[in-house]
Amino acid sequence: MTVTHETQTPEAVDPASLHTPVIAWFDQHARDLPWRRPEAGAWGVMVSEFMLQQTPVNRVLAVYEQWLARWPRPADLAKEAPGEAVRAWGRLGYPRRALRLHGAAQAITERHGGEVPTEHAQLLALPGIGEYTAAAVASFAYGQRHAVLDTNVRRVFARAATGIQYPPNATTAAERKLARMLLPEDERTAARWAAASMELGALVCTARNEDCSRCPIAEQCAWRLAGKPAHVGPARRGQTYAGTDRQVRGKLLAVLREAVTPVPQSALDAVWHEPMQRGRALDGLVADGLVEPLENGHYRLPLT
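Each chain carries its own residue numbering, running from 1 in the direction its sequence is written. Where totals are concerned, whole chains, interfaces and linings use all residues; where local detail is concerned, this predicted model gives features only for residues with pLDDT of at least 70, and gives and counts side-chain atom pairs only at 80 or more. Just so you know, side-chain values use all the structure's heavy atoms and leave hydrogens and water out.

- With an unreviewed UniProt entry as reference, the protein chain is termed Adenine DNA glycosylase, source organism Streptomyces kurssanovii.
- UniProt positions are given in the numbering used here, feature names are shortened, and annotations may be inferred rather than shown by experiment. Taken directly from UniProt, the Cofactor (unreviewed entry) text for the protein chain runs: "[4Fe-4S] cluster".

## Digging into the domain arrangement of the protein chain
Argument step 1. For the domains described, the bounds stem from an automatic or database domain assignment. Once the domains are mapped, the protein chain shows domain 1 (1-238) and domain 2 (245-300).
Argument step 2. The distance between the C-alpha centroids of domain 1 and domain 2 comes to 33 Å.
Argument step 3. Taken together, the contact pairs eight residues of domain 1 with 11 residues of domain 2.
Argument step 4. Note on definitions: buried area is the accessible-area loss of two parts on being combined, 1.4 Å probe, summed for both. Summed over both partners, the interface of domain 1 with domain 2 comes to about 830 Å²; 55% of that surface belongs to carbon and sulfur atoms.
Argument step 5. Among the residues of domain 1 in contact with domain 2, Val 86, Arg 87 and Arg 96 are the three that bury the most area, contributing 47% of the side total.
Argument step 6. The term salt bridge refers to a pairing of a side-chain nitrogen on Lys or Arg with a carboxyl oxygen on Asp or Glu at a separation within 4 Å. For the pair domain 1 and domain 2, the number of links is one salt bridge.
Argument step 7. Asp 288 is the salt-bridge partner of Arg 96, the closest N and O atoms lying 3.7 Å from each other.
Argument step 8. Throughout this description, a polar contact denotes any pair of N or O atoms lying within 3.5 Å of each other; where both atoms belong to protein, one of them has to be capable of donating a hydrogen while the other can accept it, and for residues adjacent in sequence the pair is counted only when both atoms sit in side chains. Our enumeration of links across domain 1 and domain 2 arrives at four residue pairs in polar contact (both at pLDDT 80 or more).
Argument step 9. Secondary-structure elements contributing two or more residues to the side of domain 1 that touches domain 2 are α5 (82-89) and α6 (96-111).
Argument step 10. Gly is placed with the polar residues, together with every amino acid not listed as nonpolar (Ala, Val, Leu, Ile, Met, Phe, Trp, Tyr, Cys and Pro) or charged (Asp, Glu, Lys and Arg). Taken together, the residues that form the side of domain 1 that touches domain 2 break down as four nonpolar, one polar and three charged. By definition in these notes, contact holds between two residues if any of their heavy atoms fall within 4.5 Å. For the purposes of this entry, the term helix denotes a DSSP run of H or I that reaches at least four residues, the term strand denotes a run of E that reaches at least two, and both are numbered from the N terminus.

## Let's talk about the state of the cysteines
Argument step 1. Two cysteine sulfur atoms form a disulfide, by the criterion used here, when they sit within 2.5 Å. By the definition in use, this model includes zero disulfides.
Argument step 2. Sulfur of Cys 212: no disulfide; nearest cysteine sulfur belongs to Cys 221 and is 6.4 Å away.
Argument step 3. Note on classification: 1.4 Å probe, protein chains only; a residue is buried when its accessible area is under 20% of the maximum for its type, exposed when over 50%, partly exposed between these limits. Residue class for Cys 221 comes out buried when judged on its relative accessible area of 10%.

## Brief notes about the sheet that holds strand β2 (residues 292-293)
Argument step 1. With antiparallel pairing, the three strands of this open sheet are ordered in space as β1-β3-β2. Of all strands in the sheet, those with a lone pairing partner are β1 (263-264) and β2, marking the two edges.
Argument step 2. Relative to strand β3 (residues 298-300), β2 runs antiparallel, the two sharing two bridges. Of the residues in β3, the one forming a bridge with Glu 292 is Arg 300. Think of it this way: DSSP has to see at least two bridges between two strands before they count as a pair.

Next up, the structure:
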């Protein structure tokens, strides 16, 4: 016998019944993170959003502090070679984010007088800025009313409003519609709600081992009230690292980040035993603009 679980219709949710307890919980339990402090400004918020994509807070903190100490304004980063951004990115992973942040800093300097723009459309027009990052900066830095949908928020909404354990692998139109429906009308409250729902997903309504006893909306959570039915959609994507091209790319970049002069091919050959995979990883780094090949068989981080 097959047991089916009906999901809740999101329109049945009273948004106001979620806003007050979640924001009150956030007021009491929010982490003191440097990009949430007033002195961080819009640039600090933008830097944090780039770094936090697919990277946990504890790995970001030290690099964020070093980055802002070195480049406290977009113009400070813009005048450096893009390779310096890659070098300073360290081991955060997905280093193309460093190039995109450098490109955004250059555009901010050239188009907006070195100030992070306040308008959502202007943010979205910056290189390397997608819908999520534009909404996050507009909301967290400028207190504007935007639906900010990251993995944590999507999971909270899926459980609390829709009654399913996990959201789809990719953001859907239905999720965007739900996020807009749940968004408070008041601008300041909406910005607070965006941060609070994200924090709830990060600390309580986690992907595994959720702690419903600490959740301020447990009593009205559709997924909990349905008995926490198991995920029945497509398999959730896992992230592997050992032995992948990503690992090889990381090892190659580590050598180049430490070097103050161009690196010979032999030094790169020493980091990975399998030549075909090593060559493929190096070619990928070059194609992505993360590594610059020189005529004499040496390599360096990009200067332009």
